[in-house]
Amino acid sequence: MSNKEIQMISELRVAVQTIKTAILQSQARAVKGVNQEQLALYYGVGRYISENTRNQKWGSGAIETISLRLRQELPGLRGFGVSSLKNMRLFYETWNVIEPNSPIAIGELENQASVSPDNDDSIDSQGNIIRQLQLANLQDFPLVEFLSISFTHHIRILENTKDTDERLFYIRYCHNYKPTTDELPGIIKQQDLYHHQGNMPNNFLATLPDYKQAYRAIQMFKDEYLLDYINVEELGMHDEEVDERVIESNIVHNVKNFIMTFGRGFTFIGNQVHFDKLGHDHWIDLLFYNRDLRRTVVFELKRGNFKVAYLAQLSSYLRILNDDDRRDGEEAPIGIILCKKADKAYVEYIMQDFRQPMGVATYKTADEMEPELLKVLPPKEELQRIYEEGSNKDGDKEGSED
């Protein structure tokens, strides 16, 4: 065996003992259920592996050897397979910008080469280095949100996004809405919340006197939504008015999904909400209340393409709600037209003469998704099973509270 091979074996033994010590120390604290501790451990392990693999110090096969030895020395250990260790490296290399001046990142790791394989005190010290995560006080960095979501959520975000702003957007989303790690890739790729956020044609800046509220409303709604729970087999068999009731019925049946699609703070009031004004009947398709905006929100559903008449209809509903339904402490209601297609430039042009706050968004159903996205979705029967299981769990929870 060559001197180089002997040196390699010695260094990998140090690596195994170092990571093993860090794991044991982290597990002792993780009993308290602190997610931050796990992220700090994985970040530190990722840094340690990155520092020693990117410069080719360890050579090929090192991560595989470390993973095998860790599982041998810590029977029952989970989460430190080869792919997991590589994900830890990815996690560190993506986010090491959050601690650019960390003495650990710059200085202390430089001393690791001098650690003796037989020096347990030095190995224990290295374990402390691995566990630490020094976060800089970066302006506008969502520190609380970053530390609140699981490592697997972080990896799903890294696997499906391309830049820092998009990643931070989905970190905040995970913190606020708690999607599962199975749901998250679909939310990123299919709904594409980040790129559609704030692009809906609207007149909020012109009609909402508080500009902060106006910008909040602009950011709350997207220009396009994926309503993949609509039963498309029922559409196209009737006239537009009947089809709109089919869409409405599907939304009401999946109202939790609809609320999550539109965002935070929505409470469902009802569908086909009736108002009698001066002897004339008015029926609002979907009526919600949003706590963040302190306003009722009207959604009018249209099967076809955008028509100017839709804005006139929505404007009349908003006028009636403002005069007859608005309560003390509430702001004026806003309305959204949900239709199949809309020319954004034309909508914005026409909307200039309407004094009620409103916007126009479009939607897609599951049959209109890109073929490559459809391939990654479970079969329709599996989606139905998941939905029914979720509904049953919710029912059990409600029953247990009585």
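Since the model is a prediction, treat every value here as computed from it, not as a measurement.

**Remarks on the overall build of the chain**
Logical step 1: Looking only at helices and strands, the chain features 19 helices and 6 strands.
Logical step 2: Pairs at least 24 residues apart make up 68% of the contacts formed inside the chain by residues separated by at least 6 positions.
Logical step 3: For the chain, the exposed surface amounts to about 21400 Å²; the carbon and sulfur share of it is 48%.

**Considering the pairing of strand 4 (residues 295-301)**
Logical step 1: With 7 of 7 residues buried, strand 4 is to be regarded as a mostly interior element.
Logical step 2: Every second residue of strand 4 is oriented toward a common face, with Arg295, Val297, Phe299 and Leu301 on one face and Thr296, Val298 and Glu300 on the other, all of them buried.
Logical step 3: Between strand 3 (residues 280-290) and strand 4, which pair antiparallel one after the other, the connecting turn spans 4 residues, and Arg294 there sits at a positive phi close to 55°.
Logical step 4: Sheet topology places strand 4 next to strand 5 (residues 334-339); 5 bridges connect them, and they run parallel. Across the sheet, residue Phe299 finds its bridge partner in strand 5, namely Ile336.
Logical step 5: Regarding the hand of the β-α-β motif, the stretch spanning strand 4, helix 16 (residues 308-325) and strand 5 is right-handed.

**Focus on the sheet that holds strand 5**
Logical step 1: Taken in spatial order, the 6 strands of this open sheet run 1-6-5-4-3-2, and their pairing is mixed. Either end of the sheet is taken by a strand with one partner, and the two such strands are strand 1 (224-226) and strand 2 (266-277). The sheet shows a mean angle of 35° between the axes of neighbouring strands, direction not considered.
Logical step 2: As paired strands, strand 2 and strand 3 are joined by 10 bridges and run antiparallel to one another. Paired with Phe266 across the two strands is Asn290, which belongs to strand 3.

**Some words on the pairing of strand 3**
Logical step 1: Hairpin connection from strand 2 to strand 3: 2 residues lie between these consecutive antiparallel strands, with Leu278 at a positive phi of about 55°.
Logical step 2: Where strand 3 lies against strand 4, 5 bridges are found, and the strand directions are antiparallel. Considered in strand 4, the bridge of Phe288 is made with Val297.

**Points about the side chain of Thr362**
Logical step 1: Along the chain, Thr362 turns up in strand 6 (residues 358-364).
Logical step 2: On the basis of relative accessible area, Thr362 is assigned to the buried category, the value being 11%.
Logical step 3: Filtering out sequence-adjacent residues up to four positions away, Thr362 remains in contact with Asp223, Glu224, Tyr225, Leu338, Cys339, Lys340, Lys341 and Ala342.

**With respect to helix 10 (residues 184-191)**
Logical step 1: Of all 8 residues that make up helix 10, 6 are buried, and the element is covered over most of its length.
Logical step 2: All of the buried residues in helix 10 are Leu184, Gly186, Ile187, Ile188, Gln190 and Gln191.
Logical step 3: One or two steps after helix 10, the chain reaches Asp192, where phi turns positive at roughly 50°.

**Let's talk about the packing of helix 8 (residues 151-160) against helix 9 (residues 164-177)**
Logical step 1: Here helix 8 crosses helix 9 at 145°, and the two axes come no closer than 10 Å. The element helix 8 and its partner helix 9 pack so that their crossing is right-handed. Between helix 8 and helix 9, the contacting residues are His153, His154, Ile157, Leu158 and Asn160 on the first element and Glu166, Arg167, Tyr170, Ile171 and Cys174 on the second.
Logical step 2: The residue makeup of the contact of helix 8 with helix 9, split by class, is 5 nonpolar, 3 polar and 2 charged.

**Structural notes on the confidence of the model for the chain**
Logical step 1: For the chain, mean pLDDT is 78; residues scoring 70 or higher make up 74% of the total.
Logical step 2: This stretch, residues 102-119, has a pLDDT under 50; its non-local contacts, to residues over four places away or in other chains, come to 31 contacts.
Logical step 3: pLDDT under 50 marks residues 371-381. Its contacts with residues more than four places away, or in other chains, come to 10 contacts.

**Side note on the packing of aromatic side chains**
In this description, a pair of aromatic rings is defined by centroid distance and the angle of the planes.
Logical step 1: This structure, assessed with the given rule, holds 20 aromatic pairs.
Logical step 2: A centroid spacing of 6.1 Å and a plane angle of 75° characterise the contact between Trp95 and Phe141, whose relative ring orientation is edge-to-face. Of the two residues, Trp95 sits in helix 4 (residues 82-95) while Phe141 sits in the loop between helix 6 (120-131) and helix 7 (143-148), which places them 46 residues apart along the sequence. Comparing Trp95 with Phe141, the two get one shared label, buried.
Logical step 3: Grouping aromatic residues by their ring pairs yields a cluster made of Tyr42, Tyr43, Phe80, Phe91, Tyr92, Trp95, Phe141, Phe146 and Phe151.
Logical step 4: Residue placement shows Lys340 over the ring face of Tyr363; its charged tip is 5.0 Å from the ring centre.

**Regarding the environment of Phe80**
Logical step 1: Within the fold, Phe80 resides in the loop between helix 3 (62-73) and helix 4.
Logical step 2: What makes Phe80 buried here is its relative accessible area of 4%.
Logical step 3: With 38 residues separating them along the chain, Phe80 and Tyr42 place their C-alpha atoms 9.6 Å apart.
Logical step 4: Here Phe80 is in contact with Ile23, Leu41, Tyr42, Ser67, Leu70, Leu85 and Met88, once residues within four sequence places are set aside.

**Some points on the nonpolar core**
Logical step 1: Residues Ile66, Phe80, Phe91 and Trp95 are the most contacted members of the largest nonpolar core, which totals 46 residues.
Logical step 2: Every element with two or more residues in this core is listed here: helix 1 (3-30), helix 2 (35-53), helix 3, helix 4, helix 7, helix 8, helix 9 and helix 10.
Logical step 3: Setting aside residues up to four positions removed in sequence, Trp95 forms contacts with Tyr43, Phe141, Phe146, His154, Leu158, Thr164, Arg167, Leu168 and Ile171.
Logical step 4: By size, the runner-up hydrophobic cluster in this structure holds 28 residues, among which are Ile247, Ile251, Leu293 and Leu338.

Cut-offs used in this document
- Residues numbered from 1 in each chain as written.
- Predicted model: local features only at pLDDT ≥ 70, side-chain atom pairs only at ≥ 80, totals over all residues.
- Heavy atoms only, no water.
- Helix = DSSP H or I, 4+ residues; strand = E, 2+ residues; numbered from the N terminus.
- Contact = heavy atoms within 4.5 Å.
- Areas by Shrake-Rupley, 256 points an atom, 1.4 Å probe, with all protein chains shown as cover.
- Buried < 20%, exposed > 50% of the residue type's maximum accessible area, 1.4 Å probe, protein only.
- Pairing = 2+ DSSP bridges.
- Right-handed = clockwise from strand over helix to strand, strands pointing away.
- Axes fitted to C-alpha atoms, helices over the stretch in contact; angles between N-to-C directions.
- Left-handed = near helix turned anticlockwise from the far one by under 90°.
- Nonpolar A, V, L, I, M, F, W, Y, C, P; charged D, E, K, R; others polar.
- pLDDT = per-residue confidence, 0-100.
- Phe/Tyr/Trp six-rings, centres within 6.5 Å; stacked < 30°, edge-to-face > 60°.
- Lys NZ or Arg CZ within 6 Å of the ring centre and 35° of its normal.
- Core = buried A, V, L, I, M, F, W, Y, C linked by side-chain atoms within 4.5 Å.

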